[in-house]
Amino acid sequence: MNINSPKDIIEILQNNPSKAVIEQILCFEEENKNFLFQAATEIKTKYIKNLVYFRGLIEYSNICRKNCFYCGIRRENENVCRYTLTDDEVLEAARYAYKEGFGSIAIQGGELNSKAFCDKITSLLNKINKATDNRLGITLSLGEQTEEVLLEWKEAGARRYLLRIESSNRDLYAKIHPNDSVHSYDERLKTLKILRKLDYQVGTGVMIGLPFQTYENVAEDILFFKDNDIDMIGLGPYIEHADTPLFQYRDILPPLKERFDLTLKTIAILRVMQKDINMVASTAMQAIDKNGREKALMAGANIIMPNLTPTKYREDYLLYQNKPCIDEEADDCKNCLAARITLAGDKIAYNEYGDSPHYFQRVKKN
Ligand code: SAH
Ligand code: SF4
């Protein structure tokens, strides 16, 4: 591969690159790596300006029916004190987001599939919309759900759904999940297709730096996002948690710095290839590097999720260890973020939904 400028990278990545070519770009260092980041900045400026949108993150509940091998709140972790926010706590966080001009919130939590859970979320969506004049864009991230449930939530006002595929490679997926019907790759894929059919803005993503994961796997993930025409992507480095089965492989993991760098390069490649998607600068980036989210913005991300979960619950929502900001109030978070975003050369867009432009292009095409 002959690379002499960011233009060369744009040319390659925007013309159906093969898995092998993407894998090579993921290995770029020094000058070529800088060209990649410059290419991402160029595309970001051209297609989505340098605007950053906020999604106030509400970590609704850590009760989960699943047992994913990587996750700190998996069902079998008995060291977790389980909680679910009250309606008032959720509403207070939503009102805060509205008042501060965040434009959107994301309600995330463990996966439950009871009728009571479905009804509760529907009722919360109604209450939030009423309290905020339907002016908040609501993202849900509550795991795999049936078409009926997803339709009910869509009709109650959810507009986006985030469901990471975790790894698009079936073999790797099988290594990081229990082998049973509750943890089926096919079900996860099917849910992504249902979300699309129901006209949600569809978000997915993977963890980067998982045990057994190769650079080739990450290249496959990048092609998976492209082939599935995904609207929003949330990528983050895998960070080990001592109370999980995958912890036993900590000695074979790439160093944190490598996981971090590989995530940045993946973000940059996706920005160049997919141009107008929304991409999250994830909190897990900040867990590794205190300027991690700014670096992700500079590599091509455009979404930040300030944590609005009441502080007293934060240490019970530790998907991974060393999660940052667990003792900060929402106001501290907001002020610190605004300063960081300006440093990264971006501008915060207040009071806007900040929908994925890709979604509108895709709907227009079909
Ligand atoms: N239960 C829902 C949403 C909450 S989990 C779901 O699983 O879809 C949100 C995300 O946290 C997961 O998709 C996973 O990618 C991430 N996560 C879990 N454990 C992690 C870990 N150890 N390191 C990094 N990310 C992790
Ligand atoms: Fe539950 Fe999501 Fe954690 Fe899996 S990743 S155990 S589904 S919260």
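Rules of the game
Per-chain numbering applies: the sequence of each chain, read as written, is numbered from 1 onward. Think of it this way: whatever chain is written first is A, whatever ligand is written first is 1, and the rest follow in order. The model is predicted, so local features are restricted to residues of pLDDT at least 70 and side-chain atom pairs to those at 80 or more, both for listing and for counting; the totals for chains, interfaces and linings are taken over all residues. Side-chain measures were taken over the full set of non-hydrogen atoms in the model, leaving aside hydrogen atoms and water. Secondary structure follows DSSP: runs of H or I at least 4 residues long count as helices, runs of E at least 2 residues long count as strands, and numbering of each begins at the N terminus. Computation of the radius of gyration draws on C-alpha atoms alone. For the globule rule, the value is 2.2 Å times the number of residues to the power 0.38. A simple rule labels every residue: compare its accessible area, found with a 1.4 Å probe on the protein chains alone, to the largest value its type can have, and call it buried under 20%, exposed over 50%, or partly exposed in between. The contact rule is simple, with two residues in contact once any of their heavy atoms fall within 4.5 Å. Take a side-chain nitrogen of Lys or Arg and a carboxyl oxygen of Asp or Glu: if they are within 4 Å of each other, that pair is a salt bridge. Note on terminology: near, applied to a residue and a molecule or strand, indicates that one of the residue's heavy atoms is within 4 Å of it. In the analysis that follows, any N or O atom pair within 3.5 Å is treated as a polar contact, provided that within protein one partner can donate a hydrogen and the other can accept it, and provided that, for residues neighboring in sequence, both atoms belong to side chains. The accessible surface values rely on the Shrake-Rupley method and a 1.4 Å probe; as for residues, cover is taken only from the protein chains in view. Only protein atoms enter the calculation, which uses a 1 Å grid: trapped sets of points that fit a 1.4 Å probe without letting it out are cavities, open sets showing protein on both sides within 12 Å along at least five of seven lines are pockets, and any residue with an atom within 4 Å of a point is a lining residue. Here the criterion for a molecule occupying a pocket or cavity is that more than half of its atoms lie within 2 Å of the pocket grid points. Note on residue classes: Ala, Val, Leu, Ile, Met, Phe, Trp, Tyr, Cys and Pro are nonpolar, Asp, Glu, Lys and Arg are charged, and everything else, Gly too, is polar. What makes two strands pair is DSSP finding at least two bridges between them. In this analysis, rings of Phe, Tyr and Trp, with Trp reduced to its six-membered ring, are considered paired at centre separations within 6.5 Å, and the interplanar angle assigns stacked below 30 degrees, edge-to-face beyond 60, and tilted for intermediate values. Two conditions define a charge located above a ring, namely a distance within 6 Å from the ring centre to NZ of Lys or CZ of Arg, and an angle within 35 degrees of the ring normal.

Caption draft 1: Focus on the overall build of the protein. Within the protein one finds 15 helices and 11 strands. Compactness check: the protein gives a C-alpha radius of gyration of 19 Å against a globular reference of 21 Å for 366 residues, within 12% of the reference. Along the first, second and third principal axes, the C-alpha set of the protein runs to 55 × 45 × 40 Å. Here the protein holds 366 residues, and 59% of them are scored as buried. Put simply, 77% of the contacts in the protein that link residues at least 6 apart link residues at least 24 apart.

Caption draft 2: Just the pattern of salt bridges, in detail. Summed over all chains, the structure comprises 28 salt bridges. The closest approach of N and O atoms between Lys312 and Glu89, which form a salt bridge, is 3.7 Å. Taken together, the positions of Lys312 in helix α13 (residues 311-314) and Glu89 in helix α4 (residues 87-99) put the pair 223 residues apart, joining distant regions of the chain. When salt bridges with common partners are traced through the structure, they connect Arg65, Lys66, Glu111, Glu144, Glu166 and Arg188 into a single cluster.

Caption draft 3: Summary view of the site of ligand 1. The environment of ligand 1 is formed by 16 residues, the closest being Tyr70, Gly109, Arg164, Glu166 and Ile239. One of the side-chain nitrogen or oxygen atoms of Glu166 is found 2.6 Å away from an oxygen atom of ligand 1. Protein coverage of the free-state accessible area of ligand 1, which is 540 Å², stands at 92%. One can see that ligand 1 is located within the largest cavity. Of the residues belonging to the shell around ligand 1, the class tally is 9 nonpolar, 4 polar and 3 charged.

Caption draft 4: The arrangement of the side chain of Ser141 in detail. Along the polypeptide, Ser141 turns up in strand β4 (residues 137-141). When its relative accessible area of 13% is taken as the criterion, Ser141 is described as buried. Here Ser141 is in contact with Ile107, Gln108, Gly109, Tyr161 and Leu162, once residues within four sequence places are set aside.

Caption draft 5: Highlighting the pairing of strand β1 (residues 51-54). With 2 bridges joining them, β1 and strand β11 (residues 347-348) adopt parallel strand pairing. The residue of β11 that forms the bridge with Leu51 is Lys347.

Caption draft 6: Local environment of the environment of Leu151. Along the polypeptide, Leu151 turns up in helix α6 (residues 147-155). With 64 residues separating them in the primary sequence, Leu151 and Tyr215 have C-alpha atoms 37 Å apart.

Caption draft 7: Highlighting the packing of aromatic side chains. Taken as a whole and judged by the stated rule, the model has 11 aromatic pairs. Aromatic pair Tyr173 and Tyr185: ring centres 5.3 Å apart, planes at 80°, arrangement edge-to-face. In this pair, Tyr173 sits in helix α7 (residues 170-175) while Tyr185 sits in helix α8 (residues 185-197), placing the two residues 12 residues apart along the sequence. One aromatic cluster is present, formed by Phe54, Tyr96, Phe102 and Tyr350 through successive ring pairs. A cation over an aromatic ring shows up here: Arg159 above the ring of Tyr353, its NZ or CZ 3.9 Å from the ring centre. Positioned over the ring face of Tyr47 is Lys275, at 5.9 Å from the centre of the ring.

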